[in-house]
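One-letter residues, chain by chain:
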Amino acid sequence: MADITETLRSRLPTSVRRRLGKVKRRVLRQPGPPAPEPSPAVVTPEPPQRSRLETRRDMVFASAKRDGLFLEIGPAHNAILPKRDGFNTQTVDYLDRAGLVDKYSEFAHYDPESIEEVDHVLPPDGSMLKEIDERFDLVLASHVLEHTTSLIDFLNECTPLLAGDGVLALVVPDHRYCFDRFRERSSLGRVIDTSLNPPRVHTVGTLTEFAINAVRHRGTGSWSAGHKGRYRLIHDLDQVREHAAMAEGEEYVDVHNWIFSPNHLRLMLKDLHDLGYITLRECFFHETIGHEFFLNLKVDGPGPKLTREELLALADAERRVDRPVFGPRKTEDTKTP
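Residues numbered from 1 in each chain as written. Predicted model: local features only at pLDDT ≥ 70, side-chain atom pairs only at ≥ 80, totals over all residues. Heavy atoms only, no water.

With respect to the side chain of threonine 159
Then, number 1: Turning to its location among the elements, threonine 159 is positioned in the loop between helix 6 (151-158) and strand 5 (162-173).
Then, number 2: Among the residues examined, threonine 159 registers a relative accessible area of 14% and is labelled buried. (Helix = DSSP H or I, 4+ residues; strand = E, 2+ residues; numbered from the N terminus. Buried < 20%, exposed > 50% of the residue type's maximum accessible area, 1.4 Å probe, protein only.)

Written as structure tokens, this is what we have:
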């Protein structure tokens, strides 16, 4: 049909063909019929986001019942299961409430009213087993494991505090997203050696390593994956020496002793169990949310359900986070995180 039309058109005089071409072009430029109105979009409301506290409770109770007897270790100003919210919780810390209020008084964003009375006050080298008679359905240690002087001893002390089917719930900072960003992850060898000769308080080496590597990232001491900005070292060398000198006395200085990323810790706990150093095994794990990840342990836990080789590969992939860019120190950054 197109060939016939073109043949007929070619037989017309040139002037006629030109006029027809102008008409065709005008017609093609005319707007077409209006498009039909789109149907109103069906908007599905976004589910409400869980608060940090709600998320923590979800993770803790992923393998523990909500109506049991609980022990929360070192909750300070940030309890996950406080008595005021109706939980049947006892607390243990190395300071009483007055001491905790004083410790956090210089930080304006901490509310002293959030600190509850401490049920069991222990010195840094004190024994929970000697102080606490009860056995618990859940022992909760949020941002505690990394502070312990001996990781193995801490886990083994928590184990007999558990009732028959009890759970030890760990909320752990991911070093990639906090002021420990540039510290090396803790080695299995150091964990084992420390358990054979545990120090009473943190050592000169630990306080030096903490202080010389501590950073802020765009002004904050903890952040989420994808957070943009420059890193800033917090302490100068004189301040590093001051921190190191604190370890020479008998007073406990509260810093991170152990450094973890999620699968690195899962691998370490598997190794410690398989080598006979601990009896607890993983029963629940959740990757990092914000700057913390979640591990629940039980004596009869199934373990990570991954081979050692698979965990090694996952832990190795966690080594690099970003290409760091540093800015100059700021005076307000010199306060310990």
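Back to the text.
Some remarks on the side chain of threonine 206
Then, number 1: Following the sequence through the fold, threonine 206 ends up in helix 8 (residues 204-213).
Then, number 2: Sequence-distant contacts of threonine 206, that is, excluding residues within four places in its chain, are made with Arg183, Arg190, Val255, His256 and Asn257. (Contact = heavy atoms within 4.5 Å.)

As for helix 10 (residues 262-274)
Then, number 1: With 13 residues, helix 10 should cover 18 Å at 1.5 Å per step; its first-to-last C-alpha distance of 19 Å lies within 8% of that length.
Then, number 2: Taking burial as the measure, the 13 residues of helix 10 include 11 buried ones, the bulk of the element.
Then, number 3: Turning to helix 10, its buried residues are Pro262, Asn263, His264, Leu265, Arg266, Leu267, Met268, Leu269, Lys270, Asp271 and Leu272.
Then, number 4: Those residues of helix 10 that are buried are in contact with helix 6, strand 5, helix 7 (188-196), strand 8 (281-289), strand 9 (292-298) and helix 11 (308-317).
Then, number 5: Looking one or two residues beyond helix 10, the residue adopting positive phi is glycine 276, at roughly 90°. (Expected span 1.5 Å × (residues − 1).)

A look at the nonpolar core
Then, number 1: Within the largest apolar cluster, 36 residues are counted, with the highest numbers of intra-cluster contacts made by Ile73, Met128, Val139, Leu151, Phe154, Leu155 and Phe260.
Then, number 2: Counting residues per element, the ones that place at least two in this core are strand 1 (70-73), strand 4 (136-142), helix 6, strand 5, helix 7, helix 10 and strand 9.
Then, number 3: The leading source of residues in this core is helix 6, at five residues.
Then, number 4: Aside from chain neighbours lying at most four places away, what touches isoleucine 73 is Val92, Met128, Val139, Leu140, Ala141, Ser142, Val144, Phe154 and Cys158.
Then, number 5: The next biggest cluster of nonpolar side chains, apart from the first, holds 15 residues, and it includes Phe87, Leu140, Val167 and Ala169. (Core = buried A, V, L, I, M, F, W, Y, C linked by side-chain atoms within 4.5 Å.)

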